[in-house]
Amino acid sequence: MAKDELNTFKLVGTRPDRPDGLDKVTGRARYGADFSLPGMLHAAVVRSPHAHAKIVKIDASKALALDGVKAVVTRADLPTGLTGDEWDLQENTLAGEKALYDGHAVAAVAATSKLLAEEAARLIEVEYEVLPHVIHVDDAMAEGAPVIREGAADPTVPEGLHPNVVKYMEFGRGDVEAGFAEADLVMEKSYKTEATHQGYIEPHACVGQMGSDNKGEMWVCTQGQWFIRKMSAAVLGIEASQLRVTPSEIGGGFGGKTTIFMEPLSLALSKKAGGRPVKIVMTRSEVLRATGPTASASMDVKIGMKTDGTITGARAEFRMQGGAFPGAPVDMALYCAFAGYKLENVQHIGYDVLANRPKCAAYRAPGSPMGAFAVESLVDEMCRELKLDPIEVRIKNGVQTGDRASYGPKFGSIGLKEVLEAVKDHPNLQAELGPNQGRGFAVGYWFNHNGETSVSMAIGEDGTAQVSVGTPDIGGSRASVSLMVAETLGIPYEDVRVNVVETGALGVNEPTHGSRATFATGKAAVEATQGAIKEMCRRAAAEWGIDEEAVEWADGAAQPAGPNAGKFPPMTIKEIAAKMGSTGGPISGHHESVPDGVGASFGAHVVDLEVDPETGRVTILRYLVVQDAGRAIHPSYVEGQYQGGAVQGIGWALNEEYVYDDKGRLANSVFLDYRVPVASDLPMIDTVIVEVPNPGHPFGVRGVGETGITPPLPAIANAIHDAVGVRMTHLPINPPKLLAALKAK
Amino acid sequence: MGQVTVHLWSGLRRLTDGAETVEVEADTVGEMLDALSEAHPGVKPVLDAGVSVAVNGEILNGGRHKAVSPEDEIFLMQRMKGG
Amino acid sequence: MTKVHVQTKINGDAVEFLADPRETLLDCLRDHVGLTGSKEGCGTGDCGACSVELDGTLVCSCLVLGVEANGKTVDTIEGMATGNDLHPLQRKFIEHAALQCGFCTPGILVAAKKLLEVNPDPTEEETRYWLAGNLCRCTGYDKIIRAVMDAAAEMRQEVA
C-alpha cells in the first residue's frame with residue numbers, strides 16, 4: 001500500500017529489513033530452550049491424569065533414590081498464606097489439596113539429564129481420590145454440578161447461583177424491552193464456541209537458578225519478563241528485585257506467555273539442588289494440557305431491527321468457563337460484542353464460571369472473538385431476513401468518533417466508517433461465486449492497551465543510538481521502534497539498535513500484550529529520544545554561546561532556530577556525540593509512564609469459501625482483511641499481524657477445539673489432533689491498511705495485533721450460510737458437524 | 001474537592017444500595033476510588049481486585065494520579081487486559 | 001543406558017558424539033553438537049520446526065533416533081548459508097517479512113530449500129502442499145509462500 005499524502009515521514013511507513021532478521025534465518029537466534037548453563041540440571045513435571053481428584057499422598061522416595069536425581073518439589077515446599085490472584089498462580093503452579101484438571105502439575109523433579117528426570121518423574125507415586133468433574137460451562141453452573149472450589153466467588157455474584165459462578169456482571173443503558181418493541185424484526189439465538197489454544201510453535205522453556213539466599217536468575221521465553229518476575233516471586237515468597245529475569249527470543253505467544261506456568265518450579269528445584277541451574281522445557285502435550293488456552297463460551301443474543309436496518313435494541317448474555325480459576329474474559333467479550341454499533345438500548349450480562357480445565361490465559365483480543373461470533377452471526381441473519389446489505393447496515397449503525405460506546409464511555413478517534421468504506425471499494429467483492437460458494441462479512445473490535453512502560457536510550461560515541469526496551473520482540477517490534485527513533489533523531493534506520501533487556505536494566509514494563517508494543521514502547525521511545533535531543537540542543541547552545549531555546553533539532557543536527565539565533569552551521573549528531581565526553585558526559589534519554597492516548601482499532605473481514613456438500617469440508621477461496629492501523633510504522637509487519645490474526649481466527653472457526661473424553665481428559669493434546677491451519681488450507685490473505693491516525697501517539701499508531709482474530713469466526717459462519725443455507729451456531733464448523741447440518745436441512 | 005459523578009456497571013447495584021451512578025468528592029481518580037470504597041464498602045473488594053476507569057472516553061490503567069473534575073464523564077469498567 | 005558412539009558429517013564437517021539410544025537426532029543436534037537452530041515444536045513430527053536433511057532426504061529430526069545418523073550426512077539450517085552469503089531463500093524471507101517470531105523459520109527454510117531442489121519452478125499450490133508439514137502460527141503463510149516463490153524465480157534466473 002502506498003504511503004498516504006499526509007505521511008511526510010522519511011522512514012515511518014517504509015519497509016526495511018528487520019534488525020533481527022539475519023539471526024532468525026540462520027538459526028542463531030536464541031529461544032527459550034536454546035539456553036544452557038554449566039552444571040545445569042534438567043527437570044520433569046508430574047501431572048495429574050485426572051480432571052478432578054483429591055491428592056491423598058505423594059511419595060518421591062523411589063525417584064530420589066536414583067543416582068543423579070537432585071531434588072523433588074511439591075506444594076509442601078512452597079510458602080502458605082497467599083490470597084487472590086497470587087494464590088491462584090501458586091495453586092496452578094503446583095496443586096495443593098486437589099488436582100483441578102487433567103495435566104495439573106503435582107510435583108517436579110530435577111536430575112542430571114532430561115531422560116533421567118523423566119524416569120524419576122515416572123517413579124514419583126501419587127495417590128489420588130478421584131472426584132466428579134465438570135467440563136462444559138452450562139453444565140458447570142447447573143444445579144448439582146461438582147463444586148470446584150467453595151468460596152471462590154467474588155462479591156458481584158448474586159446469591160442463589162452455583163458456587164462455580166465466580167463473577168457476575170451486568171451493564172447497559174436505555175430500555176432494551178422498549179427497543180425490541182420498536183423493532184420490525186426481533187431475533188434471539190444461542191451460540192457456542194469451544195476452547196482453543198494460542199498454538200505458538202515454541203513450547204514454554206526456562207532455565208532458573210536460585211541459591212539459599214533467595215537471589216535468583218532466570219532465562220525464559222516470555223512476553224513479559226517483569227510479569228514472570230513478579231509472579232514467580234509471589235509464588236515462591238521471595239523479593240522481586242532479587243530475581244533477575246532475562247527474556248529469550250520468543251517463538252510466539254499471542255497472550256499465552258504473559259503469565260507463569262512451570263517457571264517458579266525451576267527456581268524452587270534449583271534452590272533445593274544447592275543452587276545448580278535447572279532447565280525446564282515443556283512438551284507439546286504439556287503445552288496443550290497445562291498452559292493457558294482460551295475460554296469456551298455459551299452465549300444468548302437478542303437484537304431488534306427496523307426494516308431500514310436501524311438496530312433499536314440489543315441484549316447479550318454470555319457464560320464462559322476459563323478453567324478451574326476465575327478469569328474467563330467474559331467482561332471483555334461483552335465490551336466488544338456490540339462495540340461497532342451505535343445503540344440507545346443495550347444490555348449485557350456475564351458469568352465467569354469454573355470448570356475442570358486448565359487456567360485460561362489471554363489469547364489475542366481475549367473474549368472479543370466469541371462475542372463477535374454471536375453478535376455478527378445474528379446481525380447477518382437479520383440482514384438476510386430483511387434483505388439488507390450487511391455492509392450498509394454496519395455503516396448505518398456504525399459508531400464514529402465521539403459516539404457513545406455500547407459499554408458506556410464515548411469513543412475517541414476511531415476509523416470504523418473508513419474501514420467499511422474501504423471494504424466496499426475492494427475488488428474481492430466483485431468476484432463471481434459458483435455453486436456451493438458463499439461470501440461472509442463481519443466486523444471486529446479491540447480496545448488496545450497502554451500499560452506500564454519504561455524505555456531508555458543512549459547516544460553512542462559515533463552518533464548512533466541504542467534503545468533499551470522491556471517488551472520482547474514477538475513480531476517485528478525492534479524494526480518499528482528503530483524506525484520511530486531514527487525518524488525522531490533524523491538518522492538512518494541502520495544507526496539505531498533496539499535491545500530487549502532484562503529486568504535489572506529498566507523500570508517495570510508490562511509484557512508485549514494488548515497490541516501495545518508499537519504504541520506504548522514506541523511512544524516512550526520517542527519521548528526518551530526527545531529527552532536526548534533536548535540535551536544535544538543544550539550542548540550545541542553552549543558551544544555556540546546562545547540560549548538553549550534558540551536551538552532546534554532538524555535532519556539529525558542541532559540548528560539555530562531562525563535568523564535571530566545567530567549564524568552557525570548545523571552541528572550533527574555525530575559531531576555532538578564525538579565530543580560528548582568533554583562537553584558534560586554521556587547523552588541519554590529515558591521515559592517512564594503508563595502512556596495515555598490509546599487508540600482502539602476496528603477491522604472488517606470478507607471471506608469467500610466453498611463447501612463440499614459430500615464431506616462438509618470448507619475451503620477458503622479468498623480472504624480480505626481491512627483494519628485501521630492508525631499509522632503503519634512498518635507496513636509489512638502490520639500486514640503480517642492482519643494475516644496471522646485472520647488465520648488463527650480461521651482455525652478457531654473451522655477446526656480447533658479442546659476435545660475431552662468422558663473422564664475429563666484432554667483427548668487431542670498433539671498437533672496431529674489439535675489441528676491448526678497449514679499452508680495448503682489457505683489462499684493468500686489480502687490486506688488493506690486503513691490509516692486514521694491516533695492523535696494520542698506521536699506517529700498515530702493504534703496497535704494492530706489483536707483485532708484481526710475477531711471477525712473470522714462470524715465471517716466464516718456467515719459465508720457458509722451464504723453458500724449452503726445452513727446457519728452454524730456452534731464452533732468449530734468441522735466437516736462432521738457441517739455435514740450433519742447439511743443432512744438435517 | 002469537586003463533586004464527581006461515577007457511572008458504575010449495573011451489576012454493582014447490589015453493593016451500592018441500588019445506585020448505578022454515585023457522586024463522590026474527589027480531585028483525582030485515586031481519591032474517587034477511595035471515596036467510592038468509603039461510601040459503599042461493599043464495592044471495595046471489587047475495586048481492590050482491579051478496575052479500569054474511563055475518564056471522558058480515555059480508559060486509564062493505573063492512573064490514580066490523574067485529575068478528575070465535576071464536568072468529567074467517569075465510567076468504572078472491568079480491568080482491561082490484552083493478549 | 002549405555003551410550004552409542006555416532007560418527008556423522010554435519011553441514012560438511014565430521015562430527016562425533018555419544019548418544020543415548022533413546023535420544024532423537026534433534027536432541028543430539030541440540031544437546032550434544034550445540035546446533036540449536038533446529039527447533040522442537042511438537043516432538044511428534046507434526047510441526048516441521050526440526051526439519052533437516054539426512055543423506056539428502058528431508059526428515060523431521062524429532063522422528064529420527066540420533067544413533068540412526070551414524071555414517072550419514074546431516075544438513076541443518078546452520079549450514080544453509082555459505083559463509084556470509086545467505087541462501088536466496090534466507091534473503092527473501094527477510095525481504096518479504098516472511099517471519100514474525102522466527103521459531104518455525106529454520107525448519108521452513110530447510111524444507112523450502114529441498115522443494116526448490118526437487119522443483120525449481122513450483123506453483124503456489126505445490127509450494128503450499130510441500131510446506132503443509134511446517135506449521136507457522138504467526139504469519140498466516142502468505143508472506144512465506146511469496147518469499148519461497150520469489151526465491152525460486154531468482155534462482156531460476158541465476159541458473160539461466
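Residues numbered from 1 in each chain as written. Chains lettered and ligands numbered in written order. Predicted model: local features only at pLDDT ≥ 70, side-chain atom pairs only at ≥ 80, totals over all residues.

Draft legend 1. Structural view of the overall build of chain A. A tally of regular secondary structure across chain A gives 19 helices and 26 strands. The dimensions of chain A, computed from C-alpha atoms along their principal axes, are 85 × 75 × 50 Å. When burial is assessed residue by residue, chain A has 62% of its 745 residues classed as buried. Partitioning the intrachain contacts of chain A with sequence separation of at least 6 by distance along the chain shows that 80% fall at a separation of at least 24. (Helix = DSSP H or I, 4+ residues; strand = E, 2+ residues; numbered from the N terminus. Buried ≥ 20, exposed ≤ 12 C-beta atoms within 10 Å, placed from the backbone. Contact = placed C-beta atoms within 7 Å.)

Draft legend 2. Spatial organisation of the pairing of strand 18 (residues 465–469) of chain A. Residues and elements named next belong to chain A. Taking burial as the measure, the five residues of strand 18 include four buried ones, the bulk of the element. Summarising the sheet, strand 17 (residues 453–459) and strand 18 pair through four bridges and their orientation is antiparallel. Bridging across to strand 18, Ile-459 finds its partner in Ala-465. Connecting strand 17 to the next strand, strand 18, in antiparallel fashion are five residues, including Gly-463 with a positive phi near 85°. Inspection of the sheet shows strand 18 paired to strand 19 (residues 496–500) by five bridges, in the parallel sense. Residue Gln-466 lies in a different strand from strand 19, and its bridge partner there is Arg-497. Note that the unit made of strand 18, helix 14 (residues 477–489) and strand 19 has a crossover that is right-handed. (Pairing = 2+ DSSP bridges. Right-handed = clockwise from strand over helix to strand, strands pointing away.)

Draft legend 3. How the structure looks around the domain arrangement of chain A. Residue and element names in this part refer to chain A. Assigned domains of chain A: these are domain 1 (21–28 + 450–593) and domain 2 (410–446 + 599–744). Placing a centre on the C-alpha atoms of domain 1 and another on those of domain 2 gives a separation of 38 Å. Between domain 1 and domain 2, the residue contacts involve 13 residues of the former and 15 residues of the latter. Counting only elements with at least two residues in the side of domain 1 that touches domain 2, the list comes to helix 14 and helix 15 (517–544). (Domains from an automatic or database assignment.)

Draft legend 4. Layout of the interface of chain C and chain A. With 44 residues of chain C at the contact, the number on the chain A side is 42 residues. Contributions of two or more residues to the side of chain C that touches chain A are made by helix 2 (88–95), helix 3 (105–118), helix 4 (124–130) and helix 5 (142–159) of chain C. With four residues, helix 2 of chain C is the largest single contributor of residues to the side of chain C that touches chain A. Its residues assigned to classes, the side of chain C that touches chain A shows 22 nonpolar, eleven polar and eleven charged. (Nonpolar A, V, L, I, M, F, W, Y, C, P; charged D, E, K, R; others polar.)

Draft legend 5. Looking closely at helix 13 (residues 416–424) of chain A. Residues and elements named next belong to chain A. Leu-416, Val-419, Leu-420 and Val-423 are the residues of helix 13 that are buried. One face of helix 13 carries all of its buried residues, which in axial projection span an arc of 95°. Structurally, helix 13 contributes buried residues whose contacts are with helix 12 (390–397), strand 24 (601–611), strand 25 (618–628) and strand 26 (685–690). (Arc of directions from axis to C-beta.)

Draft legend 6. How the structure looks around the interface of chain B and chain A. Every contact between the two is made by 25 residues of chain B and, on the other side, 36 residues of chain A. Secondary-structure elements contributing two or more residues to the side of chain B that touches chain A are helix 2 (44–49), strand 4 (58–60) and strand 5 (74–78) of chain B. Top element by residues in the side of chain B that touches chain A is helix 2 of chain B. It accounts for three residues. Within the side of chain B that touches chain A, the residues separate by chemical class into ten nonpolar, eleven polar and four charged.

Draft legend 7. Broad picture of the sheet that holds strand 13 (residues 296–305) of chain A. Residue and element names in this part refer to chain A. As summarised here, the arrangement of the five strands in space is 7-15-14-13-8, forming an open sheet in which the pairing is mixed. Edge strands, defined here as strands with exactly one partner in the open sheet, are strand 7 (165–173) and strand 8 (185–193). Neighbour-to-neighbour, the strand axes of the sheet open up by a mean angle of 5°, direction not taken into account. In this fold helix 11 (residues 368–385) packs onto strand 8, strand 13 and strand 14 (311–321), with an angle of close to 145° to the strand it touches most, strand 8. (Axes fitted to C-alpha atoms, helices over the stretch in contact; angles between N-to-C directions.)

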